[in-house]
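Listed below are the residues making up each chain.
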Amino acid sequence: MNSAKDKTLEQRWTHLDTKKSTLLSRCETYARWTIASLFPPANTQNTGGAELLGTNDSIGARCVNHLSNKVVTTLFRPQGAFFRLHLPRKVIKEVAAAAGMDDKAEIAAAVETIEAELADTEAEATDRQDMIEYRPNATNAAQLLIATGNALIYHPDDGPVHVYSVRDYCVVRDLSGTVIEILTREQKAFETFSESVQQQLRERKKDQAYEDNSNVTIYTSIKFDDGKFHVTQEADCIKLDIGQVFYPRKTLPWVVLTWKLARGEDYGRGLVEEYAGTFHSLEGYHQSLINIAGIMGDIKFLVNPASLVDVI
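Since we're looking at a predicted model, the values are computed, not measured. (Residues numbered from 1 in each chain as written. Predicted model: local features only at pLDDT ≥ 70, side-chain atom pairs only at ≥ 80, totals over all residues. Heavy atoms only, no water.)

## Observations concerning the packing of aromatic side chains
- Within the structure shown, the criterion is met by ten aromatic pairs.
- Residues tyrosine 247 and tryptophan 254 carry aromatic rings whose centres are separated by 6.1 Å and whose planes lie at 80 degrees to one another, so their mutual orientation is edge-to-face.
- An aromatic cluster is defined as three or more aromatic residues linked by ring pairs; in this entry it consists of Phe76, Phe82, Phe83 and Tyr134.
- The ring of phenylalanine 193 has lysine 188 sitting right over it, with the charged end atom 4.9 Å from the ring centre.
- Here arginine 249 stacks its cationic end above the ring of phenylalanine 224, 4.4 Å away from the centre of that ring. (Phe/Tyr/Trp six-rings, centres within 6.5 Å; stacked < 30°, edge-to-face > 60°. Lys NZ or Arg CZ within 6 Å of the ring centre and 35° of its normal.)

Now the structure itself:
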């Protein structure tokens with residue numbers, strides 16, 4: 001799993017991305033059967049928003065949209081908080097004993113005050129969820145899970161969440177399925193970087209003239225070592241000075257999701273793969289119907305041999 005110290009993140013990405021080439025090809029097919037824009041082919045990603053044609057029917061798209069909305073509505077209900085904060089009885093007894101409270105009325109009043117504060121926290125969390133537009137991103141992640149079986153959600157400290165398809169991230173797991181390495185790839189315009197990062201790029205890569213609209217490829221490595229995840233970044237093969245950034249496993253802002261993960265595999269398998277035979281048959285069936293309709297709609301003009309009309 002560990003790469004050589006002299007290798008760049010780009011080289012590490014090339015190594016891991018090559019191993020999942022078959023998966024990427026399958027995901028393109030599954031997206032074409034359902035929602036083509038979820039996982040477009042690599043050669044159509046920069047086509048300026050051109051229409052992506054899928055199958056001749058919309059059965060797969062309706063299935064994925066319906067199921068993803070059901071999943072998101074179940075996890076994050078529209079009305080009220082999607083979680084509850086409460087004080088267990090054991091904690092109430094321990095707090096009362098530590099505070100020296102024996103009167104039941106006094107304890108009940110204290111518990112009521114604390115529960116009111118917890119209710120306010122729930123409301124703040126719900127407002128935060130709406131502010132960062134979490135529901136549309138969660139729906140996108142659910143669609144990716146159903147169609148391709150994989151999705152990565154990144155929760156930054158501020159701003160909306162980011163959803164990555166398996167084309168833009170690589171993951172390494174141990175035999176039990178625990179994530180031990182994540183590598184993401186994304187492109188940003190040079191002008192969107194902070195002044196300090198722009199200065200680093202200009203100083204360390206003087207052979208390249210950066211303009212405001214120049215695309216810069218960023219690789220972010222999140223690797224588990226010494227009981228925590230260490231984060232490093234490179235932009236155009238130049239290591240960025242982001243300081244010492246590390247997270248414990250429980251608070252890692254990168255969450256790797258799978259629909260169904262088999263033992264020993266790094267990537268999951270989606271629900272569409274389980275019905276691949278049906279989708280393939282439907283595609284052929286609808287294409288045959290279109291061909292038959294075209295043949296039946298072909299109008300033939302015939303001439304009566306006994307008429308005086310010249311066919312020439």
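## Comments concerning the pattern of salt bridges
- Under the defined criterion, the tally for this structure stands at nine salt bridges.
- Put simply, glutamate 28 and arginine 167 hold a salt bridge, and the shortest N to O gap is 2.9 Å. Of this pair, glutamate 28 sits in helix α2 (residues 21–33) while arginine 167 sits in the loop between β2 (162–164) and β3 (169–173); the two residues are 139 residues apart in sequence, bridging distant segments of the chain.
- When its relative accessible area of 7% is taken as the criterion, arginine 167 is described as buried.
- Between arginine 32 and glutamate 283 there is a salt bridge; the shortest N-O distance is 2.4 Å. In this pair, arginine 32 sits in helix α2 while glutamate 283 sits in helix α9 (residues 276–296), placing the two residues 251 residues apart along the sequence.
- Linked through salt bridges whose partners overlap, the residues forming this network are Glu265, Arg269 and Glu273. (Salt bridge = Lys/Arg side-chain N within 4 Å of Asp/Glu carboxyl O. Helix = DSSP H or I, 4+ residues; strand = E, 2+ residues; numbered from the N terminus. Buried < 20%, exposed > 50% of the residue type's maximum accessible area, 1.4 Å probe, protein only.)

## Examining empty space enclosed by the protein
- Throughout the structure, instances matching the rule amount to one cavity of 30 Å³ or more.
- Here the largest cavity is characterised by a volume of approximately 40 Å³.
- Trp33, Thr55, Asp57, Gly60, Phe279, Leu282 and Glu283 together form the lining of the largest cavity.
- Looking at the lining of the largest cavity element by element, the count peaks at three residues for α9.
- Its residues placed into classes, the lining of the largest cavity shows three nonpolar, two polar and two charged. (1 Å grid on protein atoms, 1.4 Å probe; cavity = no way out; pocket = protein on both sides within 12 Å on 5 of 7 lines; lining within 4 Å. Points joined across faces, edges and corners; volume = space filled by probe spheres on them. Nonpolar A, V, L, I, M, F, W, Y, C, P; charged D, E, K, R; others polar.)

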